[in-house]
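So you can see what is in the structure, the chains are spelled out below.
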Amino acid sequence: MAVEAAQLSDPVVRTVVTAMNNKDSDSFFSAFAPEAELTDDGTAHEFTTWAEREIFRGEGTLDVQSEGEGGLYLTGAFTSAQWGTFSTFWQFTVADGQVTRLDVGAL
């Protein structure tokens, strides 16, 4: 059962998913701390470069299927022009109203 972005429990995560799915890069990047860390399938990446490539140039969207850990852990179908559609997890660490770490990976 899909979870609409507007129904996500954590307000910062809700902002990230809504901005990603609406291609709103300004709102997306403003939800992240300046030194936000990112891993993709366990490999560290520079956050801004990864997000521009995978989400905005790659037309990435996330169809959330479930949330846990107070809304900080999402599973769902990620779709992009480069990779097609596949099952993923998104684990957020939020502090002071911004994402400080994001771990994503295939399920």
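What this report covers is the structure whose coordinates are included nearby. Bear in mind the structure is a predicted one, so any value in this text is a computation, not a measurement.

**A look at the overall build of the protein**
Of regular secondary structure, the protein possesses 3 helices and 6 strands. Sequence-ordered secondary structure for the protein, helices as α and strands as β, is α-α-β-β-α-β-β-β-β. A globule of 107 residues ought to have a C-alpha radius of gyration of about 13 Å, and the protein, at 12 Å, matches this closely. Taking the principal axes of its C-alpha atoms as reference, the protein extends roughly 35 × 30 × 25 Å. Going through the 107 residues of the protein one by one, you find that 40% of them count as buried. Considering only contacts within the protein whose residues lie at least 6 apart along the sequence, 44% involve residues at least 24 apart. Carbon and sulfur atoms make up 50% of the accessible area of the protein, which amounts to about 5500 Å² in all. Counting 5 positive and 17 negative side-chain charges, the protein places the averaged centre of each group 4 Å from the other.

**Considering the packing of aromatic side chains**
With the rule as written, the count across this model stands at 12 aromatic pairs. Considering the side-chain rings of Phe28 and Phe29, the 5.3 Å spacing of their centres and the 90° angle between planes classify their relative orientation as edge-to-face.

**Quick word on the pairing of strand β2 (residues 43–46)**
Here strand β1 (residues 32–40) runs beside β2; their pairing, made up of 4 bridges, is antiparallel. Bridge pairing in β2 links Asp40 to Thr43.

**Quick word on the pattern of salt bridges**
Counted according to the given criterion, the structure contains 3 salt bridges. With a closest N to O distance of 2.9 Å, Arg101 and Glu37 form a salt bridge. Of the two residues, Arg101 sits in strand β6 (residues 98–106) while Glu37 sits in strand β1, which places them 64 residues apart along the sequence. The partly exposed category is assigned to Arg101, whose relative accessible area is 29%. Residue Glu37 is classed as partly exposed on the basis of its relative accessible area, which comes to 44%.

**Some thoughts on helix α1 (residues 11–21)**
Along α1, the residues that are buried comprise Val12, Val13, Val16, Val17, Ala19 and Met20. In a view along the axis of α1, the buried residues occupy a sector of 165°, so they form one face of it. For α1, the N-terminal cap is Asp10; the gap from its side-chain oxygen to the backbone nitrogen of Val12 is 2.9 Å. Phi turns positive one or two residues past the end of α1, at Lys23, with a value near 60°.

Cut-offs used in this document
- Residues numbered from 1 in each chain as written.
- Predicted model: local features only at pLDDT ≥ 70, side-chain atom pairs only at ≥ 80, totals over all residues.
- Heavy atoms only, no water.
- Helix = DSSP H or I, 4+ residues; strand = E, 2+ residues; numbered from the N terminus.
- Rg over C-alpha atoms; globule rule 2.2 N^0.38 Å.
- Buried < 20%, exposed > 50% of the residue type's maximum accessible area, 1.4 Å probe, protein only.
- Contact = heavy atoms within 4.5 Å.
- Areas by Shrake-Rupley, 256 points an atom, 1.4 Å probe, with all protein chains shown as cover.
- Lys, Arg positive; Asp, Glu negative; His and termini not counted.
- Charge placed at Lys NZ, Arg CZ, Asp CG, Glu CD.
- Phe/Tyr/Trp six-rings, centres within 6.5 Å; stacked < 30°, edge-to-face > 60°.
- Pairing = 2+ DSSP bridges.
- Salt bridge = Lys/Arg side-chain N within 4 Å of Asp/Glu carboxyl O.
- Arc of directions from axis to C-beta.
- Polar contact = N/O pair within 3.5 Å; in protein donor to acceptor, adjacent residues only side chain to side chain.

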